[in-house]
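The primary structure of each chain is shown beneath.
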Amino acid sequence: MALSGLDIYKLLPKTNCRECGFVTCLAFAMQLAKKGVSLDKCPHLSDEAKSKLQASSLPPIKLITIGEGEKRLEIGNETVLFRHEEKFHHPCGLGFIIEDSEADEQIKKKLEKISQLKFERIGQQLEVDLIAVKQTKDSKRFQEVVKLVSQNSGFSLILMCNDPGILKEVLPAVAAKKPLIHGANAENVNDIGKLAKEFKAPVVVCSKGLDDIADLTKALSSQGAEDLVLDTGVKSVKEKIWELTQIRRLALKKSNRSFGYPILISIDAKDPYEEIMEAATYIAKYAGIILLKSIENWQVLSLLTLRQNIYTDPQKPLQIEPKLYQIGQASDKSPLLITTNFSLSYYTVLGEVEASKIPAHILSVDTEGMSVLTAWAAEKFTPEKIVDSLNKAHAKEAVSHNKLIIPGYVAVMSGDLEEKSGCQIIVGPKEAAGIPSFLKNL
Ligand code: SF4
C-alpha cells in the first residue's frame, strides 16, 4: 500500500543533511509520497527502510502482460475495491478454451468464428482477447493444436497443461508470443517456476485454497517467476465472489503481496444463460481473465458491452470530439442536426440517421460529455454554446439552407437559438428512434 508523506518521514534518518537536494527530510518525504523524486536520492537510508519504501512503491496488484504486439493483454494493476473510488484500469481478458481432443477442422471453424467476434460500440472496437489450448492428449497432439491455434489466430495464448515435460517441448515454438502457462500446482511448482523463468512466461498458480495459493506464489516469486495469475478452481458463484473479494481486499487493504495478482476464472456452467450471468458477475467483481465455452454473438456482445461499461471512468462520461460530422454523401442540401458530444447520444443519433439512408450533417456540441437533457439543465447545451460550436465547426458554411434541427427535448430554446444563430430552427423528435421517419418527411 502506498505510504503517506508522514509514514515515509518516519523511515528517514531525520538528519536534514540536505544531500538529497531538499532542505529537510520532511520535504524529501513529501516529494517521495507524490512520486516527485526517486528513493536513491537519499544515500543514508537503512536497508530496512529501503526495502519498506521500495515495497510500498510497488503496485498492490501486479500488472501482467500476456502476448505480444498490438493484441497483447494487460491485466491487473488495479488500485481500488470500488470503481467509484477511482476507476478500474485494465479490462479483464475474455477468452475461450479449445481442447486438443477436437478435430483440426472443428478447431479451425471455431477460430474463424471467434475471430469474427468484433463489435463497434460508441466509437470503440470491442473484441475478445485469448485462446486457451487445453492439453488432454499426448505431447505431440498438444504441440500440433498449439501450432494450429497460434498460426490461425492473432489472439494471446494460454497453455493449459500442468505437465512440465510437455510444456518444455511446446514452449520453444511459442515463447516469443509470451503465452500464459496454466499452471503451477503443489506438485509441479519448482519445474514450472524454472520454465517460467527460462521462457520469461507468466504463470497461473492453481489451488483450491487461499492458503495454498499464498504458499505457491511465494515459492514461485522466490524462484524469480514473478508474473503470476491466480486460479482457485471451479466453485459456486457465491464461494467465488467471496474469494475474489477476499483476494482483492488482502492485496489492497492488507498489502499482502502473495495475493497481489490478477485472477483467472474458467466458467463451467452447462446452461448458456447461466454461463453469461456468471461471467457478467465476475466482470463486475474482480476477474482478470474469464474463460468461456460458448462463442455465440449474443453472449459475447453482452459481456463485451458490460466490460466496456465497467472499465470506463465513472466520473468522466464517454465523449466524442465535438465537431461537424458528415454522414453518407452529405451535401450543402443535406439536413443539419444538432446533438451533444456524449458518446451515447451521438452514436444513437448516428445510428438512426444511417438507418434513414438520408445523408446528413451532425454537429456535436461540446457539453463535456453530457447527454441532451442533462447538459441543458446544467447550462452546457445553450443557444450560446450551440452558436459557438456552429462557428468553430464552420457548420453554416457546409449547408446552403440555413436550417438547424434540434432535439425535441430542448424545443424550449428554439426561439432564443433562432435569434442568436440567425438560422431557422426545426424541432426534431424527442427520441432518436423518431429520426428516420422525421427525416423522410422533412
Ligand atoms: S539525504 Fe536523506 S537524510 Fe539527508 S536530508 Fe535528504 S532525506 Fe534527509
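Report on the accompanying structure. (Residues numbered from 1 in each chain as written. Predicted model: local features only at pLDDT ≥ 70, side-chain atom pairs only at ≥ 80, totals over all residues.)

1. Details of the overall build of the protein chain
Move 1: Across its full length, the protein chain holds 17 helices and 17 strands.
Move 2: Each principal axis of the C-alpha atoms in the protein chain carries an extent, and together these give about 75 × 70 × 40 Å.
Move 3: For the protein chain, buried positions account for 37% of its 442 residues.
Move 4: Within the protein chain, contacts between residues separated by at least 24 positions form 65% of all contacts whose residues are at least 6 apart in sequence. (Helix = DSSP H or I, 4+ residues; strand = E, 2+ residues; numbered from the N terminus. Buried ≥ 20, exposed ≤ 12 C-beta atoms within 10 Å, placed from the backbone. Contact = placed C-beta atoms within 7 Å.)

2. A closer look at the site of the ligand
Move 1: For the ligand, the set of nearby residues contains 13 residues, the closest of which are C17, C20, C25, F28 and C42.
Move 2: Across the shell around the ligand, the residue classes break down as eight nonpolar, three polar and two charged. (Near = placed C-beta within 6 Å. Nonpolar A, V, L, I, M, F, W, Y, C, P; charged D, E, K, R; others polar.)

3. Considering the pairing of strand β7 (residues 156–160)
Move 1: Counted residue by residue, β7 has five buried out of five residues, so it is predominantly covered.
Move 2: With burial as the criterion, each face of β7 is covered, one bearing S156, I158 and M160 and the other bearing L157 and L159.
Move 3: Here five bridges tie strand β6 (residues 130–134) to β7, and the two strands are oriented parallel to one another. Across the sheet, the residue bridging to V133 is L159, located in β7.
Move 4: In this structure, β7 lies alongside strand β8 (residues 180–184), joined through three bridges in parallel fashion. The residue of β8 that forms the bridge with L159 is I181.
Move 5: Viewed along the sheet, the connection from β7 through helix α6 (residues 164–174) into β8 turns out right-handed. (Pairing = 2+ DSSP bridges. Right-handed = clockwise from strand over helix to strand, strands pointing away.)

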